[in-house]
Amino acid sequence: MSDSVGMKQNRLSAPHAMRLHDTLCHQRAFADTPAARATAEAALSELGEKIAGLPARERSKLVDTALPHTALHYRFSWDIACWLASKAPGQVHIDWAGITDEAAFDNLLRHLLLPAEDEYFDSGWASAREWLELARGDAPCTDFDWLIAQLREAGPEEATREKYDATDLPLTWNLGDSLFGRAFNSADLRPDVTGTMTFAGKAKKEICRPLGNARRVSRSEGAHLVDVAMASLATRHRETNHFNHANPNDVHVADVGAGVSVVLFGLQPQWRYPLECTVGHLVLVNGVPVGYGGASALFRQVNTGVNVFREYRGHGAAFLWVQVMRVLHALLGCNRFVANPYQFGADNNEALKSGAFWFYYKLGYRPVEQDVRTLARKEMARRRERPGHRCDIPTLRRLSSCDMHLILPGTRQSDYFKEEWLATSSMLATDIVAGSGSRKRALQQVTGKVVKALRIRSFDEWTRDERNALRSIAPFVCVAEPDDWSTAARREVREALRLKGGQSEMPYARALARNSDFLRDLRRACGRA
């Protein structure tokens, strides 16, 4: 392998470097022995050195590939910007030529001004860049690092986040040999590498197979895994709230065999949704991140999907996705998996042309609309009768026009909470607190009703996050009219409310899945609305 990299410097071209990089990344992830992985890593290091030595013109062709010693350009959000300033100091700069809204950037800088600086800033004597360079002085950091440091001291973070995101500030990240680049980003996990990426029987049976070694990791290991997750997206011009606001105290790792680990990330308490439990998931093979997704659990169902990174596609995709569902089933208590149409073709030409619909269908997902389900059965019959038959694009569009569900054995239709009922229940929550001159006082009254109905006698042992969770979810409980609930039902909801504000939100998801009365009565209220 080193021979393939160890070519003369003048023979390495940008296209060759990209192909070689992706091949080595794939070999590193799916290596069947530690020696094979070490060989791939050594070759990637050698490739990085050769990229660093390329002529500037040739290396410029590798911009935005996240290969070693290349530059990455992107307009990251405030959350990723803060992460970069903390984790990659000295590597990120403001891309001044890319600023398109100078007025928004001026407004951001005004957030930093001292009263004594107003006249000079407004005089027109200096551009925003010149002012920042003057204000930065001889501080030993980049313009970006200095800006983020000042913004973090300037006032309430929510106002700062809003101003920064409105600026849409372009940045340049010079990766060098960063461990966050695509070539080297990995987690220090030691999963069981025995077995192959296959499972016996049908997907539903595998999803129900118990997990033997899922564990909640320490805060330090959780923080490391959050970094790996954020880097895996940032270097691909992506980001998601699941990782941006991940809680290092709520990270769970499940080693599922064949060197595969599935990591679930709960949200920090202040970023949690009032009713759903939302988590991010990262799929790693031999510690290398190969895919990601998010999941929103509500009662006994979960809306989820997975995206495998381009260089790792075509290797065990069905196994990886089934293992994600297996982990979600075990840790969130869900027995119905909901896939939205975008995942398999609606407004997604890549998924449409790849026939992603059939990937889901073969695993046991079925369209929720009867006419689409009938069309799918007919098309599947044609595929069996004529091997090699492919649906035309119009047919695939029709197949991708509604949700698909994978339903585990024993699941009842009455367990299902329609997706549109989230908006309906939110409307009913608004109605519950309406009609008062003070919404704050109205929420206090609604919360008081719920406290009385659930027979909560004291908050002495409740944490602040647990009390906040109660206030957040109280309008939904009130909509469900809990006065007639049994003693057991009241106890179940009390427990769920406290778990919502716990260090880990995943026990809340499992508790909510057991709340039959709450589910039944909230469904009924939404159905009547």
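Definitions and limits used
- Residues numbered from 1 in each chain as written.
- Predicted model: local features only at pLDDT ≥ 70, side-chain atom pairs only at ≥ 80, totals over all residues.
- Heavy atoms only, no water.
- Helix = DSSP H or I, 4+ residues; strand = E, 2+ residues; numbered from the N terminus.
- Rg over C-alpha atoms; globule rule 2.2 N^0.38 Å.
- Buried < 20%, exposed > 50% of the residue type's maximum accessible area, 1.4 Å probe, protein only.
- Contact = heavy atoms within 4.5 Å.
- Areas by Shrake-Rupley, 256 points an atom, 1.4 Å probe, with all protein chains shown as cover.
- Lys, Arg positive; Asp, Glu negative; His and termini not counted.
- Charge placed at Lys NZ, Arg CZ, Asp CG, Glu CD.
- Core = buried A, V, L, I, M, F, W, Y, C linked by side-chain atoms within 4.5 Å.
- Pairing = 2+ DSSP bridges.

In terms of helices and strands, the chain carries 24 helices and 13 strands. Radius of gyration (C-alpha) of the chain: 26 Å, near the 24 Å computed for a compact globule of 529 residues. Taken over the C-alpha atoms alone, the chain extends approximately 75 × 75 × 45 Å along its principal axes. Going through the 529 residues of the chain one by one, you find that 52% of them count as buried. Long-range pairs, those at least 24 residues apart, make up 71% of the contacts in the chain between residues at least 6 apart in sequence. Entry remark: accessible area of the chain is about 24600 Å², with carbon and sulfur atoms responsible for 49%. Of the side-chain charges in the chain, 70 are positive and 63 negative, and the distance between the mean point of each set is 10 Å.

Let us now look at unusual backbone geometry. Positive phi, close to 55°, is recorded for N286, a residue that is not glycine. Here N286 lies in the loop between β7 (277-285) and β8 (288-298). A residue is classified by how much of its surface remains accessible, and N286, at 10% relative accessible area, is buried. A positive phi angle, close to 55°, is found at D347, a residue other than glycine.

All right, on to the nonpolar core then. Formed by 164 residues in total, the largest nonpolar core has its most connected members in L147 and F518. Counting residues per element, this core draws most heavily on helix α14 (residues 317-332), at ten residues. Non-local contacts of F518, meaning those with residues more than four positions away in its chain, are made with L275, F299, F476, V477, A480, W485, V493 and L512.

Moving residue by residue along a regular strand, the side chains alternate between the two faces of the sheet. Extensive coverage of strand β6 (residues 260-267) is indicated by the burial of eight of its eight residues. Here β6 shows a buried face lined by V260, V262, L264 and G266 and a second buried face lined by S261, V263, F265 and L267. From the end of strand β5 (residues 246-257) to the start of β6, which pair antiparallel, there are two residues, and A258 there has a positive phi angle of about 60°. Taken together, the seven bridges between β6 and β7 define a ladder with antiparallel strand orientation. Note that in β7 the partner of S261 across the bridge is L284.

Nothing here speaks to function; it is geometry throughout.
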